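# Analysis of the macromolecular model
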There are 2 protein chains.
Amino acid sequence: MKVFIVYAHPESKSFNGSFLNATVKHLESRGNEVRVSDLYQENFKAIVDASDFLNHNPEERLQVVTASFLANKEDKLTADVKKAQENLKWADLVVLQFPLWWFSMPAIMKGWVERVFSCGFGYGVGEHSDKRWGDRYGEGMLAGKRAILAITVGGWVSHYSARGINGPIEDLLFPITHGVLNYIGMTAMPSHITYRTDGANEDKFGETTHEWFQKLDTIETANPIPYRKQNFGDYEIPSLELKAGLEKPGQLGFALARQE
Amino acid sequence: MKVFIVYAHPESKSFNGSFLNATVKHLESRGNEVRVSDLYQENFKAIVDASDFLNHNPEERLQVVTASFLANKEDKLTADVKKAQENLKWADLVVLQFPLWWFSMPAIMKGWVERVFSCGFGYGVGEHSDKRWGDRYGEGMLAGKRAILAITVGGWVSHYSARGINGPIEDLLFPITHGVLNYIGMTAMPSHITYRTDGANEDKFGETTHEWFQKLDTIETANPIPYRKQNFGDYEIPSLELKAGLEKPGQLGFALARQE
């Protein structure tokens, strides 16, 4: 398969750097094609501004959605963004690899999401009307591709458990797995998480990469996170609220997005 | 009171820009002192890297937590970060104002969080042992100050409701209100949210600012989000799991962090 890894860490001689190198080596040894975008090394521009839209008149008020839509439509996005979009279209599997900082992705990767998923590519795709609210949440330009997060966390697994003080890790990652990956149409797989990375030794590295490689080797047939699709009858339109009675007893909040 | 507003939007002639100006005018008219950090206008550096730590030897491997700790301790953080920390220490109320992009804060503000909340200031504060896991979640350098998010959202309120497709807005914001504001010791207030901002007219602007100003005028005595504190008996230490029986029947996930 074709794998596109988007990677964000400022130090190549880090746990994350070693994890990336081992991942590429493993994937290639199994006959996969791999492309890597190392956002720090590329000095990827992290913020959205008027210079992202080459057909935008800098004298005029910037309306981000409109400017993004017009740049996308008229092929006036910047070269770095177009290259990332090409890599996404090329890939069968997209991996976002990063350390969890303040319970989310590093700013440089957040900026990558904001810039690369332009209007007409990542959002604002398809018919928007009283009957259909766009091609998103299971549909869109990248539908059919699989995507997974590979993250490192400083704290303990219990701190991120069902009763952990930080909140359950699956819920902390929901704005990304559901709000980004599933939103743009990709099939989100359960995240790979390495806890207590600071001070991790070789044994720990060996354990987590062993588990990770097994996931990668079977990812084409493994079960994804069972997120509901938007336009297949589960939601009222245009209110986009889950229809009554579809949830299991006791399900609340983010769990309602899961069809299980 | 002293109010520090951190603001992230690339266009001053936007809904957010007008909202900021109206907020400053209102607060000052009521006798408050106001400081604003306009991250886009300041061209605030959005990414964490080795150059953030002036006593870090660039030849050596960067370990972010260690480098941040040492720079914090030896007064070797950069001038922009030190200025932000001074403003935070000065303030009684901190406002983070931004458009919700991809269900989180814009990258430039995420980078502000990553850089300003250095080790020894925002995290890694106080004793870390088997008995006490740092001064965080209700304690820390900024304890006693109040903080609130003022955000704009493109979608409809129903899309962010209890059964909405995007997930409940309070849960989407939990990594910020709980994981940043409460983590560093501040008292998080219920967020102010303006929906369907794109194409909003003057009536809508008047309505939301009217409601916002009322919140600001009463914020010193209003009820905060009732997040539990870490070190006052509710959590097992060091597993940091909520002790059995403290939750209400049916409470799960992020709701367990609320004492109600």
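Treat the numbers as computed from the prediction; the structure is a model and nothing was measured.

Next up on the list: the packing of helix 3 (residues 79–90) of chain A against helix 4 (residues 107–116) of chain A. All names here are of chain A. Contact pair helix 3 / helix 4: the axes reach a minimum separation of 10 Å and the direction vectors enclose 85 degrees. When the axes of helix 3 and helix 4 are compared, the pair comes out roughly perpendicular. Across the interface between the two elements, Asp80, Val81, Ala84, Gln85 and Leu88 from helix 3 touch Trp112, Arg115 and Val116 from helix 4. Of the residues assigned to the contact of helix 3 with helix 4, the class counts are five nonpolar, one polar and two charged.

What follows is about the interface of chain A and chain B. Every contact between the two is made by 70 residues of chain A and, on the other side, 70 residues of chain B. Counting each side, the surface lost to burial between chain A and chain B is near 5,400 Å², with a carbon and sulfur contribution of 65%. When residues of chain A are sorted by the area they lose upon contact with chain B, Trp102, Arg163 and Ile165 of chain A head the list and together hold 19% of the total. One salt bridge connects glutamate 247 of chain A with arginine 163 of chain B, and the closest N-O pair in it is separated by 2.9 Å.

Okay, unusual backbone geometry next. All names here are of chain A. The omega torsion of the bond from isoleucine 237 to proline 238 falls at 10 degrees, within 30 degrees of zero and hence cis. One can find proline 238 in the segment after helix 6 (202–217). The backbone of phenylalanine 103 sits at a positive phi, close to 65 degrees, despite the residue not being glycine. Residue position: phenylalanine 103 is located in the loop between strand 3 (93–99) and helix 4.

Moving on to the nonpolar core. Formed by 132 residues in total, the largest nonpolar core has its most connected members in Trp112 and Phe117 of chain A together with Trp112 and Phe117 of chain B. Once residues within four sequence positions are removed from consideration, tryptophan 112 of chain B is found in contact with Phe4, Val6, Leu39, Phe44, Ala84, Leu88, Leu96 and Phe117 of chain B.

Attention now moves to helix 2 (residues 64–73) of chain B. Residues and elements named next belong to chain B. For helix 2, the set of buried residues is Val64, Ala67, Ser68 and Ala71. For helix 2, the angular spread of the buried residues around the axis is 100 degrees, confining them to a single face. The first or second residue beyond helix 2 is aspartate 75, which carries a positive phi of 55 degrees.

Let us look at the packing of helix 1 (residues 15–29) of chain B against helix 6 (residues 202–217) of chain B. Residue and element names in this part refer to chain B. Two elements in contact, helix 1 and helix 6, have axes separated by 11 Å at closest approach and are oriented at 40 degrees. Classified by the interaxial angle, the pair formed by helix 1 and helix 6 is oblique. The way helix 1 lies across helix 6 gives a crossing that is right-handed. Between helix 1, through Phe15, Ser18, Phe19, Ala22, Thr23, His26 and Leu27, and helix 6, the contact on the second element is made entirely by Phe205, Thr208, Thr209, Trp212, Phe213, Leu216 and Asp217. Taken together, the residues of the contact of helix 1 with helix 6 sort by class into eight nonpolar, five polar and one charged.

Within the structure shown, the criterion is met by 28 salt bridges over all chains. For aspartate 234 of chain B, the salt bridge is made with arginine 228 of chain B, and the minimal N-O distance between the two is 3.0 Å. Across the pair, exposure class does not vary: aspartate 234 of chain B and arginine 228 of chain B are buried alike. Residues participating in the shared-partner salt-bridge network are Lys45, Asp49, Asp52, Asp80 and Arg115 of chain A.

For the rest of this paragraph, the subject is the confidence of the model for chain A. When pLDDT is averaged across chain A, the result is 96; 100% of the residues are at 70 or more. Interface scoring of the predicted complex returns ipTM 0.97; its pTM is 0.97.

Let us look at the packing of aromatic side chains. Tallied over the full model, the rule gives 31 aromatic pairs over all chains. Between phenylalanine 103 of chain A and tyrosine 160 of chain A the ring centres are 6.2 Å apart and the planes differ by 55 degrees, which places this aromatic pair in the tilted class. Of this pair, phenylalanine 103 of chain A sits in the loop between strand 3 and helix 4 while tyrosine 160 of chain A sits in the loop between strand 4 (146–152) and helix 5 (169–182), and the two are 57 residues apart along the sequence. Take phenylalanine 103 of chain A: its relative accessible area is 7%, and that puts it in the buried class. With 6.2 Å between their ring centres and 65 degrees between their planes, phenylalanine 103 of chain A and tyrosine 183 of chain B make a pair best called edge-to-face.

Side chains on a regular strand alternate between the two faces of the sheet. All names here are of chain B. Along strand 3 (residues 93–99), seven of the seven residues are buried, which leaves the element largely enclosed by surrounding structure. Of the two faces of strand 3, the one holding Leu93, Val95, Gln97 and Pro99 and the one holding Val94, Leu96 and Phe98 are both buried throughout. In this sheet, strand 3 lies alongside strand 1 (residues 2–7) in parallel orientation, the contact comprising five bridges. Residue pairing for strand 3: isoleucine 5 is matched across the bridge by valine 95. Two elements, strand 3 and strand 4 (residues 146–152), share seven bridges in a ladder whose sense is parallel. Within strand 4, the position partnered with valine 94 by the bridge is alanine 147. Read as a crossover between parallel neighbours, the route from strand 3 over helix 4 (residues 107–116) to strand 4 is right-handed.

The rules behind these values
Residues numbered from 1 in each chain as written. Chains lettered and ligands numbered in written order. Predicted model: local features only at pLDDT ≥ 70, side-chain atom pairs only at ≥ 80, totals over all residues. Heavy atoms only, no water. Axes fitted to C-alpha atoms, helices over the stretch in contact; angles between N-to-C directions. Helix = DSSP H or I, 4+ residues; strand = E, 2+ residues; numbered from the N terminus. Parallel < 35°, antiparallel > 145°, perpendicular 65-115°, else oblique. Contact = heavy atoms within 4.5 Å. Nonpolar A, V, L, I, M, F, W, Y, C, P; charged D, E, K, R; others polar. Buried area = accessible area lost by both parts, 1.4 Å probe. Salt bridge = Lys/Arg side-chain N within 4 Å of Asp/Glu carboxyl O. Core = buried A, V, L, I, M, F, W, Y, C linked by side-chain atoms within 4.5 Å. Buried < 20%, exposed > 50% of the residue type's maximum accessible area, 1.4 Å probe, protein only. Arc of directions from axis to C-beta. Left-handed = near helix turned anticlockwise from the far one by under 90°. pLDDT = per-residue confidence, 0-100. Phe/Tyr/Trp six-rings, centres within 6.5 Å; stacked < 30°, edge-to-face > 60°. Pairing = 2+ DSSP bridges. Right-handed = clockwise from strand over helix to strand, strands pointing away.

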